[in-house]
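# Fold and geometry: a report
Each chain is listed here by its residues.
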Amino acid sequence: GMLRFLKACCAEDLVMTGSGNDTFVQPASPVARTLQWVRRCVRDNGPILVSMIGRLYNEAHGEHFVNTHPEGITKFLSTRLAKELKFETLK
């Protein structure tokens, strides 16, 4: 039904998270796209170093993370995903 239509016709304009009837939709701003990508990256590869997220972002998007989000990857993650991710300092 509607979800299939959105995925077929609006995939580039919307960011969809969740599945089935629990799918949330929002406009595909650069921040929303990156948040979705980071969540998927951590889910598929985690636990993962922040630097590795940056490297994978570069490989997937063909540009450095800081070019898209000037605050840098660490600040981006800690300000936007602090409630979802657990950050540990390695010594």
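Higher on the page you've got the structure.
Residues numbered from 1 in each chain as written. Predicted model: local features only at pLDDT ≥ 70, side-chain atom pairs only at ≥ 80, totals over all residues. Heavy atoms only, no water.

## Some words on the packing of helix H2 (residues 30–45) against helix H3 (residues 50–61)
This is how the line gets drawn: Think of each axis as a best-fit line through the C-alpha atoms, taken over the contacting stretch in the case of a helix, with angles from 0 to 180 degrees between the N-to-C directions. By the criteria applied, helices consist of DSSP H or I runs no shorter than four residues and strands consist of E runs no shorter than two, each listed in order from the N terminus. Two helices that cross are described as forming a left-handed crossing if the nearer one is turned anticlockwise from the farther one by less than a right angle, and a right-handed crossing if clockwise. Only heavy atoms matter for contacts: two residues are in contact if any of them lie within 4.5 Å across the pair.
Contact pair H2 / H3: the axes reach a minimum separation of 11 Å and the direction vectors enclose 120°. Relative to H3, the crossing made by H2 is right-handed. Taken together, the residues of H3 that come into contact with H2 (itself represented by Thr-34, Trp-37, Val-38, Cys-41, Val-42 and Asn-45) are Ile-53, Leu-56, Tyr-57, Ala-60 and His-61.

## Structural notes on the packing of aromatic side chains
This is how the line gets drawn: Each Phe, Tyr or Trp ring (for Trp, its six-membered ring) is paired with any other whose centre lies within 6.5 Å, and the angle between the two planes then decides the class: stacked below 30 degrees, edge-to-face above 60, tilted in between.
Scanning the model with the defined rule gives three aromatic pairs in all. Ring geometry for Trp-37 versus Tyr-57: centroids 5.4 Å apart, planes at 90°, classification edge-to-face. Residue Trp-37 is found in helix H2, and its partner Tyr-57 is found in helix H3; the two are separated by 20 residues along the sequence. One aromatic cluster is present, built from ring pairs that chain together Trp-37, Tyr-57, Phe-65 and Phe-76.

## A look at the pattern of salt bridges
Any two side chains of opposite charge can pair, on the condition that their charged atoms come close. Our working rule: Salt bridges are identified by distance alone: a Lys or Arg side-chain nitrogen within 4 Å of an Asp or Glu carboxyl oxygen. Only protein chains enter the accessibility calculation, which uses a 1.4 Å probe; a residue is then buried when its area is under 20% of its type maximum, exposed when over 50%, and partly exposed in between.
If you walk through the whole model with that rule in mind, you get four salt bridges. Across the pair Arg-43 and Asp-44 runs a salt bridge whose closest N-O atoms are separated by 3.2 Å. Relative accessible area serves as the criterion here: at 61%, Arg-43 is assigned to the exposed category. Here Lys-86 ties to Glu-88 by a salt bridge, and the two come within 3.2 Å at their closest N and O atoms.

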